[in-house]
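Coordinate analysis (summary)
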Amino acid sequence: MPILSHEQETNPWVSAEARIDNAAARLGLDEGIQKVLKSPTREVTVNIPVPLDDGRLEVFTGYRVQHSMVRGPGKGGIRFAPDVTLDEVRALASWMTWKCAVVNIPFGGAKGGVICDPAMLSDCELERITRRYTAQIMDVIGPEVDVPAPDMNTNERTMGWIMDTYAMHQRHATTAVVTGKPMELGGSRGRREATGRGCMMVTLQALKKFGMAVEDTRVVIQGFGNVGGMAAKLMAARGFRIIGLIEYDGAVYNPHGLDIGALAEHRRETGSINEFQGGEAIDKHEAMFLECDVLLPAATENVITSTNAGRLRCRILCEGANGPTTPIADEILADKKVFVIPDILANAGGVTVSYFEWVQDRQGFFWNEELVNSRLEEIMLESFDSVTAFAEKHKVDNRTAAYMLALDRVTNAIKLRGIYA
Ligand code: GLU
């Protein structure tokens, strides 16, 4: 690995390219194909004028990057955050391509982002931003083109606004244009829990591999949002011991296992996990280094870097977030023999149930939750087994194996389609 500045190491697109290069070299892909795999198909930047509640007119910048549409429509979330960058959205879009290929669902990869701070905006302002953003990317989305979904700071309600805006222009309800919608608008049962549930499923499969008992498994989770919160709830119910929970403003520790229901209730009442009586407050930076069996980062990118990877004390790293680990940190984790369940596999439960939602919308026929969860399990376990078997066979780490499988699938699709020129 070349020496990189901290800024380069934590640039998501630099990481995304490094992972493509690594897997492509091992697969012996030719230079032309590598160039295709590293070049997003389309990148749209929109400037969105939005009247604020106080009467001022503000302009927000948004992106939609479609990294690949070779295996199917673009697929991926939209995030609202003050620090969104084009390089980040580009990386996240490419990760969606590889994620959909790892779990072998018929989508390409895309991602969107709007630079804004949802904490400073009213619901009405958020709705206007969402609708205007949708209107400005309308030509490049659609059930057969590119299907957005929730991501950081967006949710079912946001998806409802996108669906409605799109539908008003189409002159008919078009449910399959987005996934992660409310149930009443064609959402799928089990979608809200899907990413966290998928993380639990692959973790259980890893425990099985190591002959570890669920009751003895100590878990530290970073993030208490849709992914971390659901993973915590489902894993606690399954018998895991969640000994640490880390949020952006504090962390809480209980070696006997936190009562996740009580913690969620406390957060609902006070707005924070701090001051929770059922555990001890600890430093949020230090909490990552608690001795545990499973560390589950479920917040944001670049939390495990060359500066802290050496201090982790987990046996299994289950990446609920996208891009939590930098490529340099990967090498350190490999030396420490941490078993990594890479993001493009670990958090693929969300997009997998998004796929189910899209299928149900297009059929106009809805499944019960049991069916959703059992089909999700089938895909997650099969994908876990094929990634780990590939890693063992080719003597590479799990991340490299997942990328190799994904790149191979996308490359085959490119070759079968041929290049239209
Ligand atoms: N934002 C989620 C992800 O990063 C879900 C994407 C989707 O369902 O399309 O995987």
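Structural notes, computed from the coordinates. (Residues numbered from 1 in each chain as written. Predicted model: local features only at pLDDT ≥ 70, side-chain atom pairs only at ≥ 80, totals over all residues. Heavy atoms only, no water.)

1. Here we look at the nonpolar core
If you look at the biggest cluster of nonpolar residues, it comprises 83 residues, and the most contacted ones within it are L37, W98, F240, L245, I341 and L407. The leading source of residues in this core is helix α14 (residues 398-417), at nine residues. For I341, the contacting residues outside a window of four places in its chain are V202, T203, A206, I316, L317, C318, E319, A346 and F384. (Core = buried A, V, L, I, M, F, W, Y, C linked by side-chain atoms within 4.5 Å. Buried < 20%, exposed > 50% of the residue type's maximum accessible area, 1.4 Å probe, protein only. Helix = DSSP H or I, 4+ residues; strand = E, 2+ residues; numbered from the N terminus. Contact = heavy atoms within 4.5 Å.)

2. Quick notes on the site of the ligand
Around the ligand, a shell composed of 14 residues is seen, among which K75, K99, P150, D151 and S354 lie nearest. Separating an oxygen atom of the ligand from a side-chain N or O atom of K75 is a distance of 2.8 Å. At 2.8 Å, a side-chain N or O of D151 approaches a nitrogen atom of the ligand. When isolated, the ligand has an accessible area of 290 Å², and the protein chains bury 94% of it. For the shell around the ligand, the secondary structure elements donating two or more residues are β3 (74-81), α4 (86-102), β5 (146-150) and α12 (349-363). (Near = heavy atom within 4 Å. Polar contact = N/O pair within 3.5 Å; in protein donor to acceptor, adjacent residues only side chain to side chain. Areas by Shrake-Rupley, 256 points an atom, 1.4 Å probe, with all protein chains shown as cover.)

3. Looking at the sheet that holds strand β6 (residues 218-222)
With mixed pairing, the seven strands of this open sheet are ordered in space as β9-β8-β7-β6-β10-β11-β12. Strand pairing shows two members of the sheet lacking a second neighbour, β9 (280-282) and β12 (339-341), which therefore form its edges. Neighbour-to-neighbour, the strand axes of this sheet turn through a mean angle of 20 degrees, independent of strand direction. Pairing geometry for strand β8 (residues 250-253) and β9, over three bridges, is antiparallel. Each residue of the ladder has a partner; that of Y253, found in β9, is E280. (Pairing = 2+ DSSP bridges. Axes fitted to C-alpha atoms, helices over the stretch in contact; angles between N-to-C directions.)

4. Details of the packing of aromatic side chains
Under the definition given, this model contains seven aromatic pairs. Each ring, one from Y355 and one from W358, has its centre 6.3 Å from the other, and the planes form 35 degrees; the classification is tilted. Separated by three residues within a single helix, Y355 and W358 lie in helix α12, roughly one turn from each other. By way of ring pairs, the aromatic residues F107, Y355, F356, W358 and W367 are connected into one cluster. For R315, the ring lying beneath its charged end belongs to F210, and the centroid distance is 4.6 Å. (Phe/Tyr/Trp six-rings, centres within 6.5 Å; stacked < 30°, edge-to-face > 60°. Lys NZ or Arg CZ within 6 Å of the ring centre and 35° of its normal.)

5. Focus: the pairing of strand β2 (residues 57-68)
Bridge count between strand β1 (residues 42-51) and β2: ten bridges; the pairing is antiparallel. If you follow V44 over to β2, its bridge partner there is R64. In textbook terms, the turn of a hairpin is the stretch between consecutive antiparallel strands, and for β1 and β2 this stretch comprises five residues, one of which, G55, has a positive phi near 95 degrees. In this structure, β2 lies alongside strand β4 (residues 109-115), joined through six bridges in antiparallel fashion.

6. Side note on helix α3 (residues 31-38)
Turning to α3, its buried residues number three or more, namely I33, Q34 and L37. When α3 is viewed along its axis, its buried side chains cluster within an angular range of 100 degrees and face the same direction. Along α3, exposed side chains directed more than 90 degrees from the buried face belong to E31 and K35. Contacts from the buried residues of α3 go to α2 (12-27), β2, α4 and α14. Sitting at the amino-terminal end of α3 is D30, which places a side-chain oxygen 2.9 Å from the backbone nitrogen of G32. (Arc of directions from axis to C-beta.)

7. Concerning the environment of V140
Relative to the helices and strands, V140 is located in the loop between α5 (123-137) and β5. According to the relative accessible area criterion, V140 is buried, its value standing at 10%. V140 sits 116 residues away from A24 along the chain, and the two C-alpha atoms are 29 Å apart. Every residue in contact with V140, bar those within four places of it in the chain, is listed here: R42, V44, Q66, V145 and D146.

8. Things to note about α12
Spanning 15 residues, α12 covers 21 Å between terminal C-alpha atoms, matching the ideal 21 Å at 1.5 Å per step. Here α12 lies mainly inside the structure; twelve of its 15 residues are buried. Listed as buried for α12 are G349, G350, V351, T352, V353, S354, F356, E357, W358, V359, Q360 and D361. Those residues of α12 that are buried are in contact with β3, α4, β5, α7 (191-210) and α13 (369-394). (Expected span 1.5 Å × (residues − 1).)

9. A word on the sheet that holds β2
Strand order in this open sheet of five strands is β1-β2-β4-β3-β5, and the pairing throughout is mixed. Strands with a single pairing partner mark the edges of an open sheet, and in this sheet they are β1 and β5. Neighbour to neighbour, the strand axes of the sheet diverge by 25 degrees on average, direction disregarded.

10. Some details on the pattern of salt bridges
Taken as a whole and judged by the stated rule, the model has 28 salt bridges. A salt bridge links R90 to D87; its shortest N-O distance comes to 2.6 Å. Of this pair, R90 and D87 are both found in helix α4, three residues apart, which corresponds to roughly one turn of the helix. Across the pair R218 and D293 runs a salt bridge whose closest N-O atoms are separated by 3.0 Å. Taken together, the positions of R218 in strand β6 and D293 in the loop between β9 and β10 (294-297) put the pair 75 residues apart, joining distant regions of the chain. What makes D293 buried here is its relative accessible area of 12%. Residues joined by salt bridges that share partners form a network here, namely R19, E319, D330, D343 and R399. (Salt bridge = Lys/Arg side-chain N within 4 Å of Asp/Glu carboxyl O.)

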